[in-house]
Amino acid sequence: MNTIRLSNRLLAAAELCGESERVADVGTDHGYVPIWLLKSGRAQYVIASDINPEPLENARRNAELHGTKNGLELILSGGISHLRADSAETIIIAGMGGETIADILSRASWVSDGRHRLILQPMTKQSELIDWLYRNGLFIKRARLAEDNGEIYIVLLAEGGSSAPPSGAARIIPEALMAERTPLLSRYLELHIKRISNALEGMKSSKGKKDPERIAEYERILEELMFMKGGLQCLR
Ligand SMILES: C[S@@+](CC[C@H](N)C(=O)[O-])C[C@H]1O[C@@H](n2cnc3c(N)ncnc32)[C@H](O)[C@@H]1O
């Protein structure tokens, strides 16, 4: 089989990798991204790992099917304990919660040495991940959105480098994403405006003890997200 069709989410992650001699895909599951990278010549060697044996077996079968067994190393491992700083230049962690991705990254100090490109695709809690990246000397160089079956996903490319502390809203919509101006951005902003508005309404109408600081923080985030949306409309 010569081609592999990736979902839009995985294609966005794979394309953000650019070209790399060696890539590590942590939590590879089916192994589709490593197979795509090897077949397209974007990577020469991929270390694909998973914490569970069944996904690795799927990845092995898929690699065989697509003729990419050479160049693919499959490792049963949780997190990145099997990697050293020189194992790969690009590390992909996709399809996990933002807090899990941050936890995995926090286990190896070399990830923020400025010599690695991190491709991160949080399914939830991206604010926690973006906050972790900032606190660990990594900055978001690029960000993309991708839609599959009506769901919009964010993909981040982070590298070593400092940046100003991200505001509450920039932890949801990073500056790099605003700069890319993808057609999905307006809908994505709208989704988050609705989510923050609902949370705010819940906090304000709660019969329990109110947290004025948290309410003020959410109000600030909402205001900034509305401002971002206004900025997009002005450019149309
Ligand atoms: C939802 S799948 C995502 C697969 C693929 N990366 C994608 O984005 O489509 C998550 C995969 O990560 C694996 N996984 C979960 N926690 C992990 C960890 N701490 N280290 C390595 N793999 C993990 C799971 O076994 C599963 O195969």
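This one's a predicted model, so the numbers in the text were calculated from it and none came from an experiment. (Residues numbered from 1 in each chain as written. Predicted model: local features only at pLDDT ≥ 70, side-chain atom pairs only at ≥ 80, totals over all residues. Heavy atoms only, no water.)

Within the structure shown, the criterion is met by 16 salt bridges. Salt-bridge contacts for Glu 57 lead to Arg 61; the nearest nitrogen and oxygen are separated by 3.8 Å. Highlighted residues: Glu 57 and Arg 61, both in helix 3 (residues 53–65), separated by 4 residues, approximately one helical turn. Judged by its relative accessible area of 44%, Arg 61 is partly exposed. (Salt bridge = Lys/Arg side-chain N within 4 Å of Asp/Glu carboxyl O. Helix = DSSP H or I, 4+ residues; strand = E, 2+ residues; numbered from the N terminus. Buried < 20%, exposed > 50% of the residue type's maximum accessible area, 1.4 Å probe, protein only.)

When its domains are assigned, the protein chain resolves into domain 1 (8–166) and domain 2 (185–234). Between the C-alpha centres of domain 1 and domain 2 the distance comes to 30 Å. At the interface, 6 residues of domain 1 touch 5 residues of domain 2. Interface area, domain 1 with domain 2, both sides summed: about 470 Å², of which 57% is carbon and sulfur. Taken as a group, Gln 126, Leu 145 and Ile 152 account for 77% of the area that domain 1 buries against domain 2, more than any other trio of residues on that side. (Domains from an automatic or database assignment. Contact = heavy atoms within 4.5 Å. Buried area = accessible area lost by both parts, 1.4 Å probe.)

What follows concerns the nonpolar core. Formed by 51 residues in total, the largest nonpolar core has its most connected members in Ile 91, Ile 93, Leu 105, Leu 133, Ile 173 and Leu 225. Counting contributing residues, this core receives three or more from each of domain 1 (8–166) and domain 2 (185–234). Residues contacting Ile 93, with those up to four places away along its chain left out, are Val 26, Ile 101, Ile 104, Leu 105, Ile 119, Leu 120 and Gln 121. Grouped together as the second largest cluster of nonpolar side chains are 25 residues, Leu 10, Leu 37, Ile 119 and Val 155 included. (Core = buried A, V, L, I, M, F, W, Y, C linked by side-chain atoms within 4.5 Å.)

Burial within helix 2 (residues 32–39) is extensive, with 6 of its 8 residues counted as buried. Those residues of helix 2 that are buried lie in contact with helix 1 (8–16), strand 1 (20–26), strand 2 (43–50), helix 3, strand 3 (72–76) and strand 4 (90–96).

On to the packing of helix 4 (residues 98–105) against helix 5 (residues 126–135). The geometry of helix 4 relative to helix 5 is characterised by a closest axis approach of 7 Å and an angle of 25 degrees between their N-to-C directions. With respect to helix 5, the axis of helix 4 lies roughly parallel. Crossing hand, helix 4 versus helix 5: left-handed. Between helix 4 and helix 5, the residues in contact are Gly 98, Glu 99, Ile 101, Ala 102 and Leu 105 and Glu 128, Leu 129, Trp 132 and Leu 133, respectively. (Axes fitted to C-alpha atoms, helices over the stretch in contact; angles between N-to-C directions. Parallel < 35°, antiparallel > 145°, perpendicular 65-115°, else oblique. Left-handed = near helix turned anticlockwise from the far one by under 90°.)

Moving on: helix 8 (residues 212–234). Taking 1.5 Å per residue, 23 residues should reach 33 Å; helix 8 reaches 33 Å between its end C-alpha atoms and fits that length. Elements that come into contact with the buried residues of helix 8 comprise helix 6 (175–180) and helix 7 (185–205). (Expected span 1.5 Å × (residues − 1).)

To continue, consider the pairing of strand 2. Burial analysis of strand 2 places 6 of its 8 residues in the buried class, the great majority of the element. The pairing of strand 1 with strand 2 spans 6 bridges and is classified as parallel. Bridged to Ser 20 within strand 2 is Ala 43. Chirality of the crossover, the property in question, places the unit of strand 1, helix 2 and strand 2 among those that are right-handed. Judged from the 5 bridges that link them, strand 2 and strand 3 form a sheet pairing that is parallel. Across the sheet, residue Ile 47 finds its bridge partner in strand 3, namely Glu 73. Handedness of the crossover joining strand 2 and strand 3 through helix 3 is recorded here as right-handed. (Pairing = 2+ DSSP bridges. Right-handed = clockwise from strand over helix to strand, strands pointing away.)

This brings us to unusual backbone geometry. At Asp 29, a position not held by glycine, the phi torsion is positive, near 60 degrees. Checked against the element boundaries, Asp 29 lands in the loop between strand 1 and helix 2. In this structure, Asn 149 takes a positive phi of about 50 degrees despite not being glycine. Positionally, Asn 149 belongs in the loop between strand 6 (138–148) and strand 7 (151–160).

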